[in-house]
Amino acid sequence: ASPCAFLCGHSPITCSFSLPRVHLAIYSNHLKKANGCSRILASPPLTTLLMKTCPMVIELPVFGRSRPEEKVLEAVGVFEAVKQHGKYETGQLFLHSVFGYRGIVLFPWHARLYDRDVTLKPEPPGGAHGSKEVKGKTHTYYQVLIDTRDCPHISQRSQTEAVTFLANHDDSRALYAIPGLDYVSHEDILPYNSTEQVPIQHELFERFLLFNPAKAPPFTARDTLKAWQEKNHPWLELSDVHRETTENIRVTVIPFYMGMREAQNSHVYWWRYCIRLENMGSEVVQLRERHWRIFSLSGTLETVRGRGVVGREPVLSKEQPAFQYSSHVSLQAPSGHMWGTFRIERTDGSHFDVRIPPFSLESNKDDKAPPAGYTF
């Protein structure tokens, strides 16, 4: 019903809108406008749209039925105004502003963000990295579900099975994952609304959320979501976020405590950590090596070197500026620290090291057993 304009033309060409961390491919010969509103035709990976308060109709491609390579466009919703203050509610639909997937908010987390770019002054030559205190500030993240239709388009840039748990059996190293579960920062949320009762495809959508047209957003948490959140709170909780930028490459680290297991008459403590690398500049670079230092409260210091991360050496460009992955670490002590560097290569073959901000590995004081399984 809104007077949005539309894209037309039978011989599509690709244009790009470049805003900070916003890229959009638009297929059209020209764009008609009406009353300042725009109807958008987008191509994956959709890493968002223009920040305006007027409504925008979002259309995403789906494969044609007649030929696998044929694509058509379908409308999925209308953008809403981005919240500069306050938080998004359970049931809020959104596009991820960096990775472009569709998702829905389950519940918020209030984390402490330790941003070394804001807090620290340049260190003197020879100064020890991480020797200065960094003060944290409160920052909102969200537990979200990812639309499974978008997972193939983002799997090369962000893991869609990054939220893992310790399995509750004799194998102390066994893990299980919940596919399509993610953590999203407030500024990465681009909210939209839809008239569909099931706008997100995920096996947990209808188990966790109930359509309620009298509410805005029109989805409320079922008792199963509340019970799941309460049961798994210690292993889902996002408490600390660490961030630092070196030569336009920003590294964000989020550690999570996973629990303790007994192995060979000793206690083994497990953490997972999520890392995002973002190219904030215009130069194309590639991650080549990693170098970690892992200190345990037991007094051990381990050095880890290797090619790439999780078997990949991602390229970070203006079109694909970010890469996100998760990994795990175990210690035979209830706490420790990690820090290190990534070796980055420029297109001319030269290299530079990007600092990974130091972060603590802390076990929960109330160390309950990790969840026994994927149950409700």
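Residues numbered from 1 in each chain as written. Predicted model: local features only at pLDDT ≥ 70, side-chain atom pairs only at ≥ 80, totals over all residues. Heavy atoms only, no water.

1. Remarks on the nonpolar core
Filter applied, for reference: Nonpolar cores were defined as sets of buried Ala, Val, Leu, Ile, Met, Phe, Trp, Tyr and Cys residues, with membership established by side-chain atoms within 4.5 Å. Summary of the burial criterion: residues with accessible area below 20% of their type's maximum are buried, those above 50% are exposed, and those between are partly exposed, where the area comes from a 1.4 Å probe applied to protein chains only. Here, residues are in contact when the closest pair of their heavy atoms is within 4.5 Å.
Grouped together as the largest cluster of nonpolar side chains are 65 residues, with contacts concentrated most on Leu 236, Leu 238, Ile 275, Leu 277, Trp 292 and Phe 342. When residues no more than four places from it in sequence are discounted, the contact partners of Leu 238 are Trp 109, His 110, Ala 111, Tyr 141, Tyr 183, Ile 254 and Phe 256.

2. Quick notes on the side chain of Thr 160
Heads up, the rule is: Segments assigned H or I by DSSP are reported as helices when at least four residues long, segments assigned E as strands when at least two residues long, and all are numbered from the N terminus.
Inspection of the secondary structure assignment puts Thr 160 in the loop between α2 (151–154) and β9 (164–166). Excluding its chain neighbours within four sequence positions, the residues that come into contact with Thr 160 are Ile 146, Cys 151, Ile 154, Ile 178, Pro 179, Gly 180 and Leu 181.

3. A closer look at the environment of Asn 212
On the secondary structure map, Asn 212 appears in the loop between β13 (209–211) and β14 (219–221). Between the C-alpha atom of Asn 212 and that of Gln 197, which follows or precedes it by 15 residues, the distance is 8.8 Å. Asn 212 has contacts with Pro 218, Phe 219 and Thr 220, leaving out every residue within four places of it along the chain.

4. Side note on the pattern of salt bridges
Where we set the bar: By definition, a salt bridge exists where a carboxyl oxygen of Asp or Glu is found within 4 Å of a side-chain nitrogen of Lys or Arg.
Evaluation of the coordinates by the stated rule reveals 17 salt bridges. We note a salt bridge from Asp 188 to Arg 276, for which the minimum N-O separation is 2.9 Å. Here Asp 188, found in the loop between β11 (181–185) and β12 (189–193), pairs with Arg 276, found in strand β17 (residues 266–279); they are 88 residues apart in sequence, far enough to count as distant. Note on accessibility: Asp 188 and Arg 276 belong to one class, buried.

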